[in-house]
Amino acid sequence: MNIAGKKVAYITLGCKLNFSETSTIRHSLEKEGTETVADKEGADIFVINTCSVTDMAEKKGRQLIRKIIHHNPGAYIVVVGCYAQLRAKEIMAIDGVSLVLGAGEKFNVAHYLQHLEEQEKQEPHSCDIFKISNFDLAYSFGDRTRCFLKIQDGCDYFCTYCTIPFARGRSRSASLPRILDALREVAGKGIQEVILTGVNTGDFGRGTDMNFLQLLQQLDRQEEIARFRISSIEPNLLTDEIIEFVATSKRFMPHFHIPLQSGSDEVLKLMHRRYDRELFAGKIRTIRHLLPDAFIGVDVIAGMRGETEACFEDALRFIETLDISRLHVFPYSERQGTKALDIPLTVPQEEKHRRVNRLISVSQKKLTAFYHRFEGETRPVLFEDNKIGQYICGFTDNYIKVKLPYDAGLANRIIPIRLEKGLFCEDE
């Protein structure tokens, strides 16, 4: 099939890593002469980048695929991403799906489309996930102000609740020259802030001659980028040296996102996490000592198999003692093929949601307290290049989201703003 001139719509589900990879796929198709369309009506080709982190994510993916097929008869439907890797045959069985490309094939969408009509019967294209060794660098622009740059992929941890290693393969990393080339491209587009992303970002360095801290030190010298942030980093990989570096850095913002997953040591062992809660608490104390104003976001899973009522109450009390800024709370989701299914005790769905809501309540209190600590202070805000209702929004260095009446002249500028109660976006 000649794809030059074809209109292509892109739909991305899941994490920021997926968004960066969709952007790379889009660039590759545009080089072959395709036209990207924002309005999905009338597109000739749909590229759907899927997520598989939970059962609900897969369900949403299936529903979206069927909806697009229903509303766009005759369009070519290409499904990529984690769900495509894990459930390739299931997706290919959906009437109307044209291509299913796994983790090793998703960046070759153009090639497969161009040879699509040569195949008598379409089969999903996938490979042995643990034989993938190449790294495909990717980056995306959310609003032409901030860029999500993929520096690492895959994971070697095999936590008992998680399918990510089976969807993305072993840990591997970008080389420094490729990262610096990408930064030059990003800077040339006027981007002010770069968020370093990966599946296990702190494990950066596999297959390279440097570790994560050395990468941060190199990037801190790149004067063309005003701000850097580190996306989620495992507590056992967040070394004191990294925290000390961020505390003295010119460009890395005082902002950490650290997965705890459970505040119970018993549950952490069931999860096969590589730390206990005392190590985690020590990381929080070190951050607060060196960076008292830092935003600290923490991931938590509620209702894991084996999480008794006593375990949950113990975990909740521990979390309440942590001097953090916000929780990102997820209900435990059963995942086919994971070791967690061997744990006999299950948490009923209703109880799972009750625990989620209790954790969200703790999160809301912590976020409000964190935001209001800074009332009356003046902090630098990078305003995003978009309009939300009647407002323009932006983030301080320590990740407080603020809003002002819309003024296009503020977009993509870093401006000192005095923080007042009415400016906070506490629901974000």
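Reading guide: rules and limits
- Numbering of residues starts from 1 in each chain and follows the order in which that chain's sequence is written.
- pLDDT decides what is reported in this predicted model: residues at 70 or higher carry local features, side-chain atom pairs at 80 or more are listed and counted, and totals for whole chains, interfaces and linings draw on all residues regardless.
- No hydrogens and no water enter the side-chain calculation; it runs on all heavy atoms of the structure.
- One speaks of a salt bridge when a side-chain nitrogen belonging to Lys or Arg is within 4 Å of a carboxyl oxygen belonging to Asp or Glu.
- Each helix is a run of DSSP H or I of at least 4 residues and each strand a run of E of at least 2, with the numbering of both proceeding from the N terminus.
- Relative accessibility decides the category of a residue: with a 1.4 Å probe and only protein chains considered, values under 20% of the type maximum give buried, values over 50% give exposed, and everything between is partly exposed.
- For two strands to count as paired, DSSP must find a minimum of two bridges between them.
- This arc is taken over the directions from the axis of the helix to the C-beta atoms.
- Take the buried residues of types Ala, Val, Leu, Ile, Met, Phe, Trp, Tyr and Cys, join any two whose side-chain atoms come within 4.5 Å, and each joined set is a nonpolar core.
- We call two residues in contact when some of their heavy atoms are within 4.5 Å.
- A crossover gets the label right-handed when its path from the first strand over the helix to the second runs clockwise, viewed with the strands pointing away from the viewer.
- As a rule, the C-alpha atoms of each element are fitted with a line to give its axis, helices using only the stretch in contact, and angles between N-to-C directions run from 0 to 180 degrees.
- Note on terminology: angles under 35 degrees are roughly parallel, angles over 145 are roughly antiparallel, angles of 65 to 115 are roughly perpendicular, and the others are oblique.
- Each residue receives one of three labels: charged for Asp, Glu, Lys and Arg, nonpolar for Ala, Val, Leu, Ile, Met, Phe, Trp, Tyr, Cys and Pro, and polar for the others, Gly being one of them.
- Boundary definitions for the domains trace back to an automatic or database domain assignment.
- Put simply, buried area is how much 1.4 Å-probe accessible surface two parts lose in total, over both of them, once they are put together.

## Things to note about the pattern of salt bridges
Working step 1: Evaluated as defined, the whole model comprises 34 salt bridges.
Working step 2: A salt bridge links E334 to R305; its shortest N-O distance comes to 2.9 Å. Placement of E334 in the loop between β14 (326-331) and α13 (349-372) and of R305 in the loop between β13 (295-302) and α12 (309-321) is noted, with a sequence separation of 29 residues between them.
Working step 3: In this structure E334 comes out as partly exposed when scored by relative accessible area, which is 34%.
Working step 4: Close ionic contact of E307 with R355 constitutes a salt bridge, the shortest N to O distance being 2.8 Å. Placement of the pair is E307 in the loop between β13 and α12 and R355 in helix α13, with a sequence separation of 48 residues.
Working step 5: Where salt bridges share partners, they join E21, K106, K150, D153, R168 and R172 into one cluster.

## A closer look at the pairing of strand β17 (residues 401-405)
Each regular strand carries side chains that alternate between the two faces of the sheet.
Working step 1: Across five bridges, strand β16 (residues 391-396) lies against β17 in antiparallel orientation. Directly across from F395, in β17, lies its bridge partner K401.
Working step 2: Between the end of β16 and the start of β17, which pair antiparallel, lie four residues, with Y399 showing a positive phi angle near 65 degrees.

## Some details on helix α9 (residues 240-248)
Given 3.6 residues to a turn, an α-helix orients residues that are three or four positions apart in the same direction.
Working step 1: Every buried residue of α9 is listed here: I242, I243, F245 and V246. Viewed along the axis of α9, the buried residues span an arc of 160 degrees, placing them on a single side of the element.

## So, the nonpolar core
One recurring pattern in soluble globular proteins is that nonpolar side chains are buried together.
Working step 1: Judged by nonpolar contacts, the single largest core of 74 residues is most densely connected at L149, I179, L196 and F212.
Working step 2: Top element by residues in this core is helix α7 (residues 176-188). It accounts for six residues.
Working step 3: Ignoring any residue separated from it by four or fewer positions in sequence, one finds L149 in contact with L137, A138, Y139, I179, A182, L183, V194, I195, L196 and T197.
Working step 4: In terms of nonpolar packing, the next biggest core, distinct from the first, is built from 20 residues, I11, I69, I91 and I94 among them.

## Examining the pairing of strand β10 (residues 193-197)
Working step 1: Buried residues dominate β10, accounting for five of its five residues.
Working step 2: Alternating residues of β10 divide into E193, I195 and T197 and V194 and L196, and every residue in both groups is buried.
Working step 3: Strand direction decides the pairing type here: β10 and strand β11 (residues 227-230), joined by four bridges, are parallel. The residue of β11 that forms the bridge with V194 is F228.
Working step 4: Note that the unit made of β10, helix α8 (residues 212-219) and β11 has a crossover that is right-handed.

## Topic: the packing of α8 against α9
Working step 1: For the pair α8 and α9, interaxial distance at closest approach is 10 Å and the crossing angle is 10 degrees. In terms of their interaxial angle, α8 and α9 are classed as roughly parallel. Within the contact between the two elements, α8 uses F212, L213, L216 and Q217 and α9 uses E241, I242 and F245.
Working step 2: Its residues assigned to classes, the contact of α8 with α9 shows five nonpolar, one polar and one charged.

## A few points about the domain arrangement of the protein chain
Working step 1: Entries for the protein chain in the domain assignment read domain 1 (7-118), domain 2 (133-253) and domain 3 (377-419).
Working step 2: Of note, the centres of domain 1 and domain 2, computed from C-alpha atoms alone, are 25 Å apart.
Working step 3: Residue-level contacts link 15 residues of domain 1 with 16 residues of domain 2.
Working step 4: Between domain 1 and domain 2, a total of about 1,300 Å² is buried, with carbon and sulfur atoms accounting for 62% of that surface.
Working step 5: Run the count over domain 1 and domain 2 and you get two salt bridges.

## Let's talk about the sheet that holds strand β6 (residues 138-141)
Working step 1: One open sheet holds the four strands; their spatial order is β6-β7-β10-β11, and the pairing between them is mixed. Every interior strand has two partners, whereas the edge strands, β6 and β11, have only one. With strand direction ignored, the average angle separating the axes of adjacent strands in the sheet is 20 degrees.
Working step 2: Bridge count for β6 against strand β7 (residues 146-150) is four bridges, and the pairing is antiparallel. Along β7, the bridge assignment pairs A138 with K150.
Working step 3: Helix α1 (residues 16-31) contacts β6, β7 and β10 of the sheet and is inclined by roughly 95 degrees relative to β6.

## Comments concerning the sheet that holds strand β5 (residues 99-100)
Working step 1: Pairing is parallel in the open sheet, where five strands are placed in the order β2-β1-β3-β4-β5. Of all strands in the sheet, those with a lone pairing partner are β2 (35-36) and β5, marking the two edges.
Working step 2: Each of β1 (7-12), β2, β3 (45-50) and β4 (76-81) is contacted by α1, which is oriented at about 170 degrees to β1, the strand it contacts most.
Working step 3: Strands β1, β3 and β4 of the sheet are contacted by helix α2 (residues 55-71), whose axis makes an angle of about 175 degrees with β3.

## Quick notes on unusual backbone geometry
Working step 1: Even without being glycine, Q261 reaches a positive phi, approximately 75 degrees.
Working step 2: Relative to the assigned elements, Q261 resides in strand β12 (residues 255-261).
Working step 3: Taking the relative accessible area as the measure of exposure, Q261 reaches 10% and is therefore buried.
Working step 4: Positioned with a positive phi, N412 is a non-glycine residue whose angle comes to about 60 degrees.
Working step 5: Inspection of the secondary structure assignment puts N412 in the loop between β17 and β18 (414-418).

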